[in-house]
Amino acid sequence: MKAAIIGGTGYGAVELVRLLHNHPLVEISTIVSHSNSGNELQSIYPHLSGIIETSFSEMDVEVVSEEADLVFFGTPSGVSTELVPQFLEQGVKCIDLAGDFRLDSPEIYEKWYKLSAPPQEYTEKATYGLSEIYKEEVKNSTLIANPGCYPTATLLALIPILKEQLIEPQSIIIDAKSGLSGAGRSVSLKAHFSESNENFRAYKLAEHQHIPEIEQILVKESGIDLQVSFTPHLVPMTRGIMCTIYSNMTVGKTTEEIIELYQSFYKEHPFVRVRPEGIIPGTKEVYGSNYCDIGFKVDDRTGRLMIVAVIDNLVKGAAGQAIQNMNLIQGWDEQTGLTNVPIYP
């Protein structure tokens, strides 16, 4: 199969290039970059020199559609709103790594993203691409709304326990931390070395655009109307997300019982690794991989459950999950091209 990447200079896009280069069933047909069209890929990313010899193309829907069976969008929010309908009309499958098609309500999208919502008919066509939860829906979709990085870790950590109604839904607190690559490649003050090095910063308190995405899926999967407290932080490291989640338990359960619940829930899902009692995962243990590792502790003293989930924000939180969704759409083993071992140390 041939795949195109639109928005080719971002970190998510170059991670798609890395992973697709080693995929046995896919060839990259086109890499589109409006700002760098005509320039060689290695002129922007020298680490690809001698490995992938190609140049960035200008955006032309008809040309890209002729060359590709599927398009990945690594563009900023708002761009795929304009382009996805055009590609779908050409019969090209689309996987959007931005947030344009994740939210069901156009009013909620416009409130949190400060952009015009995409046409509702296309939002309704989109499948939320959390592969472990919506595997069958993904298989039959032509438009995938790839989940955000924070929501991926949070939802995989919370959905099993909420489905069993073992925690109080309104007590959920998500303490989330991300490496600086989550802020993208664009120059910004918060990502400036002098500002971020040896610094630990909370941002977008109660305003982060991933909040309605998390709540939408939790409500859908639990059947309970709930709201969460979500605080993201920037950590002076390149990659990785850690979500430490706190919630009050409704019944007495041991840590081992919670672990057994999750092991059963994810037994058919190879990219979620449930840690044994006493072992809490760190971000380095999933670095460069498509794994989500989850650890647990029941605090008997307070009656709270603590869940720690870690992912690589550029892989399971973006490009890796997009390729996992592509594999499912194509009817391939979902692990194809994604079995690389995490980089350690």
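Anything mentioned here points back to the structure above.
Attention in this report is confined to the structure presented alongside it. (Residues numbered from 1 in each chain as written. Predicted model: local features only at pLDDT ≥ 70, side-chain atom pairs only at ≥ 80, totals over all residues. Heavy atoms only, no water.)

## Things to note about the overall build of the protein chain
The helix and strand inventory of the protein chain stands at twelve helices and 13 strands. A compact globule built from 345 residues should have a C-alpha radius of gyration of about 20 Å, and the protein chain, at 20 Å, falls within 12% of that. Along the first, second and third principal axes, the C-alpha atoms of the protein chain reach 60 × 45 × 40 Å. Across the 345 residues in the protein chain, those meeting the buried criterion constitute 55%. (Helix = DSSP H or I, 4+ residues; strand = E, 2+ residues; numbered from the N terminus. Rg over C-alpha atoms; globule rule 2.2 N^0.38 Å. Buried < 20%, exposed > 50% of the residue type's maximum accessible area, 1.4 Å probe, protein only.)

## What to know about the pairing of strand E9 (residues 229-234)
Looking at chain direction, strand E7 (residues 173-178) and E9 are connected through six bridges and run parallel. Bridging across to E9, Lys177 finds its partner in His233. The pairing of strand E8 (residues 201-202) with E9 spans two bridges and is antiparallel. Residue pairing for E9: Arg201 is matched across the bridge by Leu234. (Pairing = 2+ DSSP bridges.)

## Re the layout of surface pockets
A volume near 1,300 Å³ is recorded for the largest pocket. Taken together, 50 residues make up the lining of the largest pocket; nearest its centre are Thr75, Pro76, Gly182, Ala183 and Gly184. Where the lining of the largest pocket is concerned, the elements lending two or more residues are helix H1 (11-21), helix H4 (79-89), helix H5 (106-113), helix H8 (149-163) and helix H12 (315-330). The leading source of residues in the lining of the largest pocket is H1, at three residues. In terms of residue class, the lining of the largest pocket is made up of 21 nonpolar, 25 polar and four charged. In this structure, the second largest pocket encloses a volume near 300 Å³. What lines the second largest pocket is a set of 18 residues, among which Tyr11, Ser181, Arg185, Thr238 and Leu314 lie closest to the centre. (1 Å grid on protein atoms, 1.4 Å probe; cavity = no way out; pocket = protein on both sides within 12 Å on 5 of 7 lines; lining within 4 Å. Points joined across faces, edges and corners; volume = space filled by probe spheres on them. Nonpolar A, V, L, I, M, F, W, Y, C, P; charged D, E, K, R; others polar.)

## Some details on the pattern of salt bridges
Throughout the structure, instances matching the rule amount to 14 salt bridges. Note that Glu213 and Arg102 form a salt bridge whose closest N and O atoms lie 3.2 Å from each other. Note that Glu213 is positioned in helix H10 (residues 210-222) and Arg102 in the loop between strand E4 (93-96) and H5, a separation of 111 residues in sequence. In this structure Glu213 comes out as buried when scored by relative accessible area, which is 0%. (Salt bridge = Lys/Arg side-chain N within 4 Å of Asp/Glu carboxyl O.)

## Thoughts on empty space enclosed by the protein
Scanning all chains against the criterion turns up one cavity of 30 Å³ or more. Around the largest cavity sit Leu180, Lys190, Glu195, Ser196, Asn199, Phe200, Arg201, Leu234, Val235 and Pro236, which together line it. For the lining of the largest cavity, the per-class residue count stands at five nonpolar, two polar and three charged.

## So, the sheet that holds E7
Read from one edge to the other, the open sheet built from seven strands follows the order E8-E9-E7-E10-E13-E12-E11, with strand pairing classed as mixed. Every interior strand has two partners, whereas the edge strands, E8 and strand E11 (272-274), have only one.

## Some details on the packing of H1 against H12
In the contact formed by H1 and H12, the axes pass within 9 Å of each other and the chain directions differ by 50°. The pairing of H1 with H12 is recorded here as oblique in orientation. Note on packing geometry: the crossing formed by H1 with H12 is right-handed. Contact with H1, carried on its side by Gly12, Glu15, Leu16, Arg18, Leu19 and Leu20, involves Val315, Ala319, Gly320, Ala322, Ile323 and Met326 of H12 and no other residues of that element. Across the contact of H1 with H12, the residue classes break down as eight nonpolar, two polar and two charged. (Axes fitted to C-alpha atoms, helices over the stretch in contact; angles between N-to-C directions. Parallel < 35°, antiparallel > 145°, perpendicular 65-115°, else oblique. Left-handed = near helix turned anticlockwise from the far one by under 90°. Contact = heavy atoms within 4.5 Å.)

## Considering the sheet that holds strand E5 (residues 127-128)
Spatial strand order, E2-E1-E3-E4-E6-E5: six strands in an open sheet with parallel pairing. The sheet terminates laterally at strand E2 (27-32) and E5, the two strands that pair on one side only. Sheet topology places strand E1 (residues 2-6) next to E2; five bridges connect them, and they run parallel. When the sheet's bridge partners are listed, Ala4 is paired in E2 with Thr30.

## With respect to helix H11 (residues 255-265)
Listing the buried residues of H11 in full gives Thr255, Ile258, Ile259, Leu261 and Tyr262. Seen along its axis, H11 keeps its buried residues to an arc of 155°; they face one direction. Buried residues along H11 sit against H8, E11, strand E12 (292-299) and strand E13 (304-311). (Arc of directions from axis to C-beta.)

## Focus: the packing of H5 against H10
Where H5 contacts H10, the two axes come as close as 9 Å, and the packing angle between them is 150°. Residues Ile108, Trp112 and Tyr113 of H5 touch H10, and the partners they reach there are His210, Ile211, Pro212 and Glu213. Per-class residue counts for the contact of H5 with H10 are five nonpolar, one polar and one charged.

## Quick look at a negative patch on the surface
Together, Glu58, Asp60, Glu62, Glu66 and Glu67 make up a region of like negative charge exposed at the surface. Residue position: Glu58 is located in the loop between helix H2 (41-44) and helix H3 (61-67). By relative accessible area, which is 41% here, Glu58 ends up partly exposed. (Patch = residues over 30% accessible without salt bridge, like charges linked within 9 Å, V, L, I, M, F, W, Y side chains within 5 Å. Areas by Shrake-Rupley, 256 points an atom, 1.4 Å probe, with all protein chains shown as cover. Lys, Arg positive; Asp, Glu negative; His and termini not counted. Charge placed at Lys NZ, Arg CZ, Asp CG, Glu CD.)

## Brief notes about the packing of aromatic side chains
Geometrically, a pair of aromatic rings is defined through the distance of the ring centres and the angle of the planes. Taken as a whole, this structure holds eight aromatic pairs when the rule is applied. Here the aromatic rings of Tyr109 and Tyr113 are separated by 4.7 Å at their centres, their planes lie at 15°, and the arrangement is stacked. Pair noted here: Tyr109 and Tyr113 are both in helix H5, with a separation of four residues, about one helical turn. An aromatic cluster is built from Tyr262, Phe265, Tyr266 and Phe296, whose rings are joined through pairwise contacts. Lying over the aromatic face of Tyr287, Arg239 brings its terminal NZ or CZ to 5.7 Å of the ring centre. Directly above the aromatic system of Tyr287 lies the positively charged group of Lys284, at a separation of 4.7 Å from the ring centroid. (Phe/Tyr/Trp six-rings, centres within 6.5 Å; stacked < 30°, edge-to-face > 60°. Lys NZ or Arg CZ within 6 Å of the ring centre and 35° of its normal.)

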